[in-house]
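Residue-level structure breakdown
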Amino acid sequence: MDTKTLIAAYYDAFNAGRTDDMLDLLHDEVEHHVNEGGIRKGKALFADFNRHMTESYKENLTDMVIFANEAGDRAAAEFVVNGTYLKTDEGLPEAKGQTYRLPAGSFFTIRDGKIARVTTYYNLADWTRQVSQ
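None of the values given here were measured: they were computed from a predicted structure.

What follows deals with the sheet that holds strand β5 (residues 99–111). Reading across from one edge, β2-β1-β6-β5-β4-β3 is the order of the 6 strands in this open sheet, with mixed pairing throughout. Among the strands making up the open sheet, the edge pair consists of β2 (39–41) and β3 (57–68). Shown here is a sheet whose adjacent strand axes are inclined to one another by a mean of 20 degrees, direction ignored. Inspection of the sheet shows strand β1 (residues 26–33) paired to β2 by 3 bridges, in the antiparallel sense. Looking at β2, one finds that His 32 is bridged to Arg 40. The strands that helix α1 (residues 3–16) touches are β1, β3, β4 (74–85), β5 and β6 (114–122); relative to β3, the one it contacts most, it runs at about 170 degrees. Those strands touched by helix α3 (residues 43–56) are β1, β2, β3 and β4, and its axis lies near 55 degrees from that of β1.

Here it is, written out as structure tokens:
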């Protein structure tokens, strides 16, 4: 599958809540660079992150635009996160079912036809403002 199709499949699985399908698209040595956080290495830590996110947030990504370089080894996606804050995440405001809408973007490295790096950015201060109202 070409790079844009790979990234689209990754986000289609995300929006459908099929996190196991997301894992199938990842390289075994995937590096997940978290917004304002550390780097998680490997599918097991990525799966742990997905479980935590599914408990704490319900999100749907819209307005997706996917870019890829000619070599197909790097890609980016820009989108809007439409979410509901379900369960209080440690160190963040209390969850009360607040909704939020937030622009975000991700960058990818592709190796052996799989996603080998995911780096996601969004404005945490904007998210915090939205869920604190």
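Here we take up unusual backbone geometry. The backbone phi angle of Asp 63 is positive, close to 55 degrees, even though this residue is not glycine. Along the chain, Asp 63 falls in strand β3. Of note in the backbone geometry, Asp 112 takes a positive phi value of approximately 55 degrees without being a glycine.

Let's shift gears to the UniProt feature "domain: SnoaL-like" (unreviewed entry) in the protein. Following the UniProt record, the feature "domain: SnoaL-like" (unreviewed entry) maps to residues 8–118 here. When the span residues 8–118 is considered, its composition is 26% helix and 48% strand, and the gap between its end C-alpha atoms is 14 Å.

Turning our attention to the packing of aromatic side chains. In total, this model carries 9 aromatic pairs according to the counting rule given. Plain terms: the ring middles of Tyr 10 and Tyr 11 are 5.0 Å apart, the flat faces sit at 80 degrees to each other, and that makes the pair edge-to-face. In this pair, the class of Tyr 10 matches that of Tyr 11, namely buried. A centroid spacing of 5.2 Å and a plane angle of 55 degrees characterise the contact between Tyr 11 and Phe 79, whose relative ring orientation is tilted. Here Tyr 11 is found in helix α1, whereas its partner Phe 79 is found in strand β4, with 68 residues between them in sequence. Of the two residues, Tyr 11 and Phe 79, both sit in the buried class.

Among the nonpolar cores identified, the biggest contains 30 residues, and Ile 7, Tyr 10, Tyr 11, Phe 108 and Ile 115 are the most heavily contacted of them. When sequence neighbours within four positions are dropped, the list of residues in contact with Tyr 10 reads Met 22, Leu 25, Leu 26, Phe 46, Phe 108, Ile 115 and Val 118.

So, about the environment of Val 131. Relative to the assigned elements, Val 131 resides in helix α4 (residues 124–131). Separated by 31 residues in the primary sequence, Val 131 and Tyr 100 place their C-alpha atoms 6.7 Å from one another. The contacts of Val 131, once residues within four sequence positions are left out, are Tyr 85, Pro 93, Gln 98 and Tyr 100.

Along the chain, Thr 120 falls in strand β6. Residue classification places Thr 120 among the buried residues on the basis of a relative accessible area of 19%. Among the polar contacts made by the side chain of Thr 120, one reaches the side chain of Ser 106 at a distance of 2.8 Å. The contact partners of Thr 120, leaving out residues within four places of it in the chain, are His 33, Val 34, Asn 35, Gly 105 and Ser 106.

Moving on: the pattern of salt bridges. Between side chains of opposite charge, pairing is possible as soon as their charged atoms come close. Using the criterion set out here, one finds 8 salt bridges in the structure. One salt bridge connects Glu 55 with Lys 87, and the closest N-O pair in it is separated by 3.4 Å. One end of the pair, Glu 55, is in helix α3; the other, Lys 87, is in the loop between β4 and β5, and 32 residues separate them in sequence. You can call Lys 87 partly exposed: its relative accessible area is 45%. A salt bridge links Arg 129 to Asp 126, with the shortest nitrogen-to-oxygen separation between them at 2.6 Å. Here the residue Arg 129 and the residue Asp 126 both occupy positions in helix α4, the gap between them amounting to 3 residues, near one helical turn. Exposure remark for Arg 129: the relative accessible area of 45% places this residue in the partly exposed category.

Thresholds, definitions, all that
Residues numbered from 1 in each chain as written. Predicted model: local features only at pLDDT ≥ 70, side-chain atom pairs only at ≥ 80, totals over all residues. Heavy atoms only, no water. Pairing = 2+ DSSP bridges. Helix = DSSP H or I, 4+ residues; strand = E, 2+ residues; numbered from the N terminus. Axes fitted to C-alpha atoms, helices over the stretch in contact; angles between N-to-C directions. Contact = heavy atoms within 4.5 Å. UniProt positions renumbered as here; feature names shortened; annotations may be inferred. Phe/Tyr/Trp six-rings, centres within 6.5 Å; stacked < 30°, edge-to-face > 60°. Buried < 20%, exposed > 50% of the residue type's maximum accessible area, 1.4 Å probe, protein only. Core = buried A, V, L, I, M, F, W, Y, C linked by side-chain atoms within 4.5 Å. Polar contact = N/O pair within 3.5 Å; in protein donor to acceptor, adjacent residues only side chain to side chain. Salt bridge = Lys/Arg side-chain N within 4 Å of Asp/Glu carboxyl O.

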